[in-house]
Amino acid sequence: MPGGRLTQQERQQIALGLADGLAYAEIARRLDRPTSTVTREVMRNGGPTTYRADLAHRATERRAHRRGQSAPRDPKATPPAHGRDTEAVRAYEEVFATVFMQSGLPTMTARVLAALYTTDIGSLTAAELAARLEVSPASISKAIAFLESQGLIRRERDERRRERYIVDDDVLYQSTMASARATAHLGEIARQGVGVLGPGTPAAARLENIARFVDFVSESIARAADQARAVLHSKPETPPTTTP
């Protein structure tokens, strides 16, 4: 399997694969690259709908140039928490963000949410987010405003009066319940159509079946979310200590 950076030709093949509607795994197989490499490449450069090989190649060259000009790492700097591989964490963050993008979130919003989820304390300041994602503070501000409007994060001030953006343990529960309500609303609208189109007609029967299906799905989602809510508040298990 080849290693190293993607070539411009490989990026063109990625763009062609996306245009043909191929999955990341299939594109990666054709390039003989890991799926995570293709996923990370696409997510870093606009996502599957706006990816362009030439722009992606130039952006990668600029990032490499900036890294080459950056100051050498301070040997006294704090090592990554829990002995983590920094590059592996960064790659995972980008894959995680891609999942959020596929669910409908804009690229930068997805990256901010993934960054917050993958911190141990579940919170970062705007400056920390901008440095972590290597983007402008303005980009962070827009993403934060959207996430807050959707109830996916909250903000509070720390002891230094800085605003911190936080993902709560209950965010996923609230998001799931909102999705269940939206699904239930679809059922209500479908059922209204039965009266408009006339009971007993083929169109009305179709809408009634949709309403019944949606009712069952939304109720099942809400019930399952309530039953599983406590899981979101579970604490990691501490490995047992052994006495020598």
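All residue numbers refer to positions counted from 1 along the written sequence of the respective chain. The predicted nature of this model means local features are confined to residues of pLDDT at least 70 and side-chain atom pairs, given and counted, to a pLDDT of 80 or more, with totals for whole chains, interfaces and linings taken over all residues. Values reported for side chains reflect all heavy atoms of the structure, with hydrogen atoms and water molecules removed beforehand.

Remarks on the overall build of the protein chain
- Only runs of H or I of at least four residues qualify as helices and only runs of E of at least two qualify as strands under DSSP, and these elements are numbered from the N terminus. Helix and strand content of the protein chain: 10 helices and three strands.
- When the helices and strands of the protein chain are read in sequence order from the N terminus, they spell out α-α-α-α-α-α-β-α-α-β-β-α-α.
- A 1.4 Å probe rolled over the protein chains alone gives each residue an accessible area, and that area as a share of the maximum for its type sets the label: buried under 20%, exposed over 50%, partly exposed in between. Classification of the 244 residues of the protein chain by burial places 32% in the buried group.
- Note on definitions: a residue-residue contact is assigned when non-hydrogen atoms from the two residues lie within 4.5 Å. In the protein chain, the proportion of contacts linking residues at least 24 apart, taken out of those at least 6 apart, comes to 55%.
- Surface exposure of the protein chain reaches about 15700 Å², of which carbon and sulfur atoms provide 56%. Areas reported as accessible are Shrake-Rupley estimates using a 1.4 Å probe. Residue values count occlusion only from the protein chains shown.

A few points about the confidence of the model for the protein chain
- pLDDT expresses how confident the predictor is about each individual residue, on a scale running from 0 to 100. Looking at the protein chain, pLDDT values average 83 and 88% of them are 70 or higher.
- Within the protein chain, the element-level pLDDT minimum falls on helix H4 (residues 53–69), averaging 72, and the maximum on helix H10 (residues 202–228), averaging 94.

Considering the pattern of salt bridges
- When a carboxyl oxygen of Asp or Glu lies within 4 Å of a side-chain nitrogen of Lys or Arg, that pair is called a salt bridge. For the structure shown, the criterion picks out 13 salt bridges.
- Glu26 is paired through a salt bridge with Arg30; the nearest N and O atoms lie 2.9 Å apart. Of the two residues, Glu26 and Arg30 are both situated in helix H2 (residues 24–31); the distance of four residues between them amounts to about one turn of the helix.
- As a salt-bridge pair, Arg155 and Glu163 come within 2.8 Å of each other at their nearest N and O atoms.
- Take Arg155: its relative accessible area is 34%, and that puts it in the partly exposed class.
- If you follow the salt bridges from partner to partner, you end up with Glu148, Arg155, Arg157 and Glu163 in one network.

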